[in-house]
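Remarks on the overall topology
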Amino acid sequence: MIDWDDIRYFLAVARGGSVRAAAEGLGVYHSTVLRRIAQLEERLGAQMFEKLPSGYRLTAAGEEVLELANQMEASSHQLETRVFGRDQSVRGLLRVTLAPTLATHLLMPDLADFARLHPDIEMDILSSGELANLTNREADVAIRVVYDRKTLPLNLHGLKGPELFGGVYMSRDRLAAWRAGAPDPIRWIVISIHGIPDWASAGEVRTTGVPFRTTDGEAQIVAVRQGLGITTLPCFVGDADPLLVRVPGTDLHMYGTLWLLTQGETRKTKRVRLFTEFVTHRLAAYAPLLAGLSVSRD
């Protein structure tokens, strides 16, 4: 019989294009991947890959195995989620994925409340910019900002939450200095990979053409607090920060809608149902803050 673990190694090489990428993805040694591939080729009596300077390329036999291997993987995930879905205990592991800003500036007190309410549930909070794959059981619940609901995978079950808006912000002290006629230039503070969004107008405050770039949202927030200039932030971040204020003459922009996403049988487990119901109510209470309606403009 074919060892499913050998198939996992085969898929990792086929998808990564190299033994090194497969080893890093699986968290094993390079030699382990080579041994597993050789073991699979010996059992099937065919060569799976052709080694090229650019990496590993599937042979004709490998292409045929890839199609069946994908089916085996899908069946394995389906079996796992069905068994998991029968687990109705209020204990065990619950993995929740969401953007870092949502975790640190909005929902962490609520996640802590849920953990205190259910001390036997092991919470695993995956606050990362990377999208976890719910189908592959990388997470049980995803809280995502979705601009177009048509982009949601059809195999996921979604609970629609409040709409999320953003605005343009600067420090209160810097705005006061600008109103007093301070000559210091005002910069755009941007996250490097995003730049200045088209919707963000400088409003009444003129900016220099020399931006200040950061690599992450937390550094961006600290920079704008320092009075370097203006930046775009979600309203739940900017409006809740006593050191920041909206830039005069600027408008709000809708980022998208918050969705709670679960997959297949997983959503039927008691701990997942308890969590989604809990967070849905908390998000509903945050709707004015998320929409930028919780404060008046200065």
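So, here's what we can say about the structure. What you see is a predicted model; the values in this text were computed from it and never measured. (Residues numbered from 1 in each chain as written. Predicted model: local features only at pLDDT ≥ 70, side-chain atom pairs only at ≥ 80, totals over all residues. Heavy atoms only, no water.)

Comments concerning the overall build of the chain
On a plain count of helices and strands, the chain comes out with 10 helices and 11 strands. Taken over the C-alpha trace, the chain has a radius of gyration of 24 Å; the compact-globule value for 298 residues is 19 Å, which it surpasses by more than 25%. Referenced to the eigenvectors of the C-alpha coordinate spread, the extents of the chain come out at roughly 80 × 50 × 30 Å. Burial analysis of the chain (298 residues in total) assigns 41% to the buried set. (Helix = DSSP H or I, 4+ residues; strand = E, 2+ residues; numbered from the N terminus. Rg over C-alpha atoms; globule rule 2.2 N^0.38 Å. Buried < 20%, exposed > 50% of the residue type's maximum accessible area, 1.4 Å probe, protein only.)

With respect to the nonpolar core
If you look at the biggest cluster of nonpolar residues, it comprises 34 residues, and the most contacted ones within it are Leu94, Leu106, Ile143, Phe236 and Phe275. Broken down by element, this core gets its largest block of residues, six residues, from helix H5 (residues 100-117). Ignoring any residue separated from it by four or fewer positions in sequence, one finds leucine 106 in contact with Thr101, Phe236, Leu283, Tyr286, Leu289 and Leu290. Residues Ala22, Ala23, Leu58 and Leu66 belong to the second largest nonpolar core, which totals 18 residues. (Core = buried A, V, L, I, M, F, W, Y, C linked by side-chain atoms within 4.5 Å. Contact = heavy atoms within 4.5 Å.)

Brief notes about helix H3 (residues 30-44)
The first and last C-alpha atoms of H3 sit 22 Å apart over 15 residues, in line with the 21 Å expected at 1.5 Å per residue. In this structure, the buried side of H3 is in contact with helix H1 (4-16), helix H2 (19-26) and strand S1 (49-52). In the stretch just after H3, glycine 45 is the one whose phi turns positive, near 70 degrees. (Expected span 1.5 Å × (residues − 1).)

As for the pairing of strand S7 (residues 187-191)
The buried count for S7 comes to four of five residues, which makes it a mostly enclosed element. As paired strands, S7 and strand S9 (residues 229-234) are joined by two bridges and run parallel to one another. Note on S9: the bridge partner recorded for tryptophan 188 is isoleucine 230. (Pairing = 2+ DSSP bridges.)

Note that all results are geometric; they support no functional claim without further evidence.
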